Amino acid sequence: MNLGMLQRAISRHRYVKNRLAYESLLAHVDSHGDAWKVPQREIAAWWEARGAAELDLRVSERGTLRVSCALKDAVVEIDGKELRIPPFTYPVASGIPTGAIEIRYHCASVDQDFAREILGHLGYGHVAPAYLDDAADITMAALEPLLGKLRETAAAHQRYGENEIAAVRAAVRSAHESRGVPELRIWTLPQRDGRPYRVCVSPRFDVDKAIVNMPLIHELEGRYGMRSTAYIRPCGPFYGAREIRRYVRGIGGNEIALHGEFVTTSGRFGDEFKAAAGEKRLIEYITGMEASGVCMHGGELSSNLSRNTRGAIEAARFKYETMYRNGYFHPLHLPNGMGTLRTLSIGQHFADLNVKPGRDFGEELLRAFDDRFSKAAAVGGVFVPVLHPLYFDVAHYLSRAENVCRLGAFMPGYLVNVARMRRGRSYVNEE
């Protein structure tokens, strides 16, 4: 019998209280002044558009570089220091001839897709491949080893290595300098009213049980201009289509994504791939809204992560997922063979349940949130805190008779599974 699991559940319901820490985070983010506060679907849309965008660099007249970009709300970073809104002009040496500035690189043909991903990820869409017979500003010998290390790190850790990213940026910076222009790239975040955002905060709510608490959370968020993403379970035991539709009627500018349970529902749909497509169709049918994103549910003592999960997400054509927590604050397309997955990976950074339940839970949670927010702000990144709505107001959840009945129906099976589990295990289906 795994009494530790039962004790942990009791401690969470006694000590885990999110509201005060979350409201303090919202106030802190709001006071920053240059924080972009949006659901994850808007981050995904921006990041995809940014990755495909290019800067247009041309010397319009002797001594004047004109910088423009077709991407709406784009910001340009100059030499890693200054942010400016395009179009703008920048002084350069008068000896540079008029016309377009083109910066080229060489890499092996099998690495072309991954090279484009890395350069787009860094905002260098204007840095383009050169034919092998043509001269290049960035040589294959300089670029290929970095691409190999970046691919290896991303495959293993779902992030890019800081040293390799810095080396790519140094190579691109040197290429710009050789053309007599500053290092220019599309900044990681957009702008509004001519003022660049310096950090993004996009809360994620894992709605395991208490969907009834989400309107209260959105009311709180609304006071600070925050919009967030709620991950909903269309096949879960604690709420159904009626509760989901009731929530959707007042969702406003917030987002619904899928809290996937592909392992759990594979028996119902046929396999994990069919479950991914089936759950996506079901949540979209219930809500009448597109489910752009997905993360995996790991509650009720069952894991929904398997060797098939990433492929199932890709096959179901989700636009993004938020499965990985690794301290990386920029979205990316993970490697897939010599190319990349189509689905964008947006990192998550700290969850309420990472804090050990205790009397100082709220203070510890707020310290962790503030720390991750500061780290995201330092790199113009995206901070995704993960919270569970049940722990905002357990009493409000239990005030609904239907919730008490569903919880009561669930508990006998839960206790049986706890009794079956060996000590030290987290999941009944753990191999």
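Note that this is a predicted model, so its numbers are computed, not measured.

Novice: Looking at this structure, how should I read helix 5 (residues 140–157)?
Specialist: Because the α-helix completes a turn every 3.6 residues, residues three or four places apart line up on one side. Here helix 5 contains 18 residues, and its C-alpha end-to-end distance of 25 Å stays within 8% of the 26 Å for a straight helix at 1.5 Å per residue. Restricting attention to buried positions, one finds in helix 5 the residues Leu143, Glu144, Leu146, Leu147, Leu150, Arg151, Thr153 and Ala154. Positive phi shows up at Gln158, right after helix 5, with a value of about 55 degrees.

Novice: I would appreciate a short explanation of the layout of surface pockets in the present structure.
Specialist: Over the atoms, a rolling probe the size of a water molecule traces out where space has been left empty. If you add up the space inside the largest pocket, you get close to 1200 Å³. Lining the largest pocket are 44 residues, and of these Arg12, Asp208, Gly298, Gly299 and Leu353 lie nearest its centre. Within the residue set of the lining of the largest pocket, elements represented by two or more residues are helix 1 (3–15), strand 14 (204–206), strand 17 (293–296), helix 13 (394–398) and helix 14 (401–420). For the lining of the largest pocket, the element with the highest residue contribution is helix 1, accounting for seven residues. Counted by class, the lining of the largest pocket contains 24 nonpolar, 12 polar and eight charged residues. Lining the second largest pocket we find 21 residues, and of these Glu162, Ile165, Tyr328, His330 and Val379 sit closest to its centre. If you tally residues by element for the lining of the second largest pocket, the top one is helix 6 (residues 162–178), at four residues.

Novice: Help me understand the sheet that holds strand 5 (residues 82–84) in this model?
Specialist: What links the strands of a sheet is backbone hydrogen bonding, and the strands pair in either a parallel or an antiparallel sense. If you walk across this open sheet you meet the three strands as 5-4-10, and the pairing is antiparallel. One side of each edge strand has no neighbouring strand; the edge strands of this open sheet are strand 5 and strand 10 (184–186). Going from strand to strand, the sheet's axes swing by 30 degrees on average, the running direction of each strand aside. Alignment of strand 4 (residues 76–78) against strand 10, held across three bridges, turns out to be antiparallel. Residue pairing in the sheet places Ile78 in a bridge with Leu184 of strand 10.

Novice: What am I meant to see in the environment of Arg41 here?
Specialist: Take Arg41: it is sitting in helix 3 (residues 40–52). For the pair Arg41 and Ser228, spaced 187 residues apart in sequence, the C-alpha separation works out to 9.6 Å. The residues touching Arg41, leaving out its near neighbours within four places in the chain, are Gly253, Asn254, Glu255, Met289, Ser292 and Tyr320.

Novice: For this particular structure, what's the right way to read the pairing of strand 17?
Specialist: Two faces make up the sheet, and in a regular strand the side chains alternate between them. Burial along strand 17 is two-sided: the residues Gly293 and Cys295 and Val294 and Met296 are all buried. With three bridges joining them, strand 16 (residues 255–260) and strand 17 adopt parallel strand pairing. Counterpart to His259 in the pairing with strand 17 is Cys295. Taken together, the two bridges between strand 17 and strand 18 (residues 320–321) define a ladder with parallel strand orientation. Residue pairing across strands places Gly293 opposite Tyr320, the latter belonging to strand 18.

Novice: Could you clarify how one ought to interpret the sheet that holds strand 13 (residues 199–201) in this entry?
Specialist: Strand order in the open sheet formed by three strands is 1-13-23, with parallel pairing between adjacent strands. Each edge of the open sheet carries a strand with a single partner, namely strand 1 (35–37) and strand 23 (382–383). When strand 1 meets strand 13, the two strands line up parallel, connected through three bridges. Paired with Ala35 across the bridge in strand 13 is Val199. Strands in contact with helix 2 (residues 19–32) are strand 1, strand 13 and strand 23; relative to strand 1, the strand with the most contacts, it is inclined by about 130 degrees.

Novice: How do you make sense of the nonpolar core when you look at a structure like this?
Specialist: Ranked by size, the top nonpolar core spans 126 residues in total, and within it Tyr22, Leu65, Tyr160, Ile232 and Phe262 carry the most contacts. When residues in this core are grouped by element, the largest group, six residues, is from helix 12 (residues 361–378). Apart from the residues within four sequence positions on either side, Tyr160 is in contact with Phe114, Glu117, Ile118, His121, Leu150, Thr153, Ala154, Ile165, Tyr328, Leu332 and His333.

Novice: Would you take a moment to explain empty space enclosed by the protein for this structure?
Specialist: As enumerated under the stated definition, the model contains three cavities of 30 Å³ or more in all. When its volume is computed, the largest cavity comes out at roughly 60 Å³. Forming the walls of the largest cavity are Arg310, Ile313, Glu314, Glu321, Met323, Leu334, Leu341, Thr343 and Ser345. At three residues, helix 11 (residues 309–315) tops the list of elements feeding residues into the lining of the largest cavity. In this structure, the second largest cavity is lined by Gln158, Tyr324, Asn326, Tyr328, His330, Pro331, Leu332, Ser345, Ile346 and Gly347. Looking at the lining of the second largest cavity residue by residue, the class counts come to five nonpolar, five polar and no charged.

Novice: Whenever I open this one, the environment of Ile138 confuses me. Can you help?
Specialist: Assignment of secondary structure puts Ile138 in the loop between strand 9 (127–129) and helix 5. Relative accessible area serves as the criterion here: at 6%, Ile138 is assigned to the buried category. Here the alpha-carbon distance between Ile138 and Ala291, two residues 153 residues apart in the chain, equals 40 Å. Apart from the residues within four sequence positions on either side, Ile138 is in contact with Arg104, Tyr105, His106, Val127, Leu143, Ala171, Val172 and Ala175.

Reading the values: the criteria
Residue positions within a chain follow its written sequence, with the count starting from 1. Only residues with pLDDT of at least 70 get local features here, since the model is predicted, and only at 80 or more are side-chain atom pairs given and counted; chain-wide, interface and lining totals rely on the full set of residues. To get the side-chain values, all heavy atoms of the structure are used, and hydrogens and water are removed first. Secondary structure elements follow DSSP: runs of H or I no shorter than four residues count as helices, runs of E no shorter than two count as strands, and numbering proceeds from the N terminus. Expected helix span is given by 1.5 Å per residue-to-residue step, counting one fewer step than there are residues. Think of it in three bands: residues with accessible area under 20% of the maximum for their type are buried, residues over 50% are exposed, and the middle band is partly exposed, with areas taken using a 1.4 Å probe on protein chains only. Buried and open spaces are told apart on a 1 Å grid over the protein atoms alone, a cavity being a set of points where a 1.4 Å probe fits but cannot get out and a pocket being an open set with protein on both sides within 12 Å along at least five of seven lines. Residues with an atom within 4 Å of a point are the lining residues. Grid points are joined across faces, edges and corners, and a volume is the space filled by probe spheres set on the points. Nonpolar residues are Ala, Val, Leu, Ile, Met, Phe, Trp, Tyr, Cys and Pro. Charged residues are Asp, Glu, Lys and Arg, and all others, Gly as well, are polar. In this scheme, strands are said to pair when DSSP sees at least two bridges between them. The angle between two axes is taken between their N-to-C directions and runs from 0 to 180 degrees, where each axis is a line fitted to C-alpha atoms and a helix contributes only its stretch in contact. The contact criterion used throughout is that any non-hydrogen atoms of two residues lie within 4.5 Å. What we call a nonpolar core is a set of buried Ala, Val, Leu, Ile, Met, Phe, Trp, Tyr and Cys residues that are connected through their side-chain atoms within 4.5 Å.

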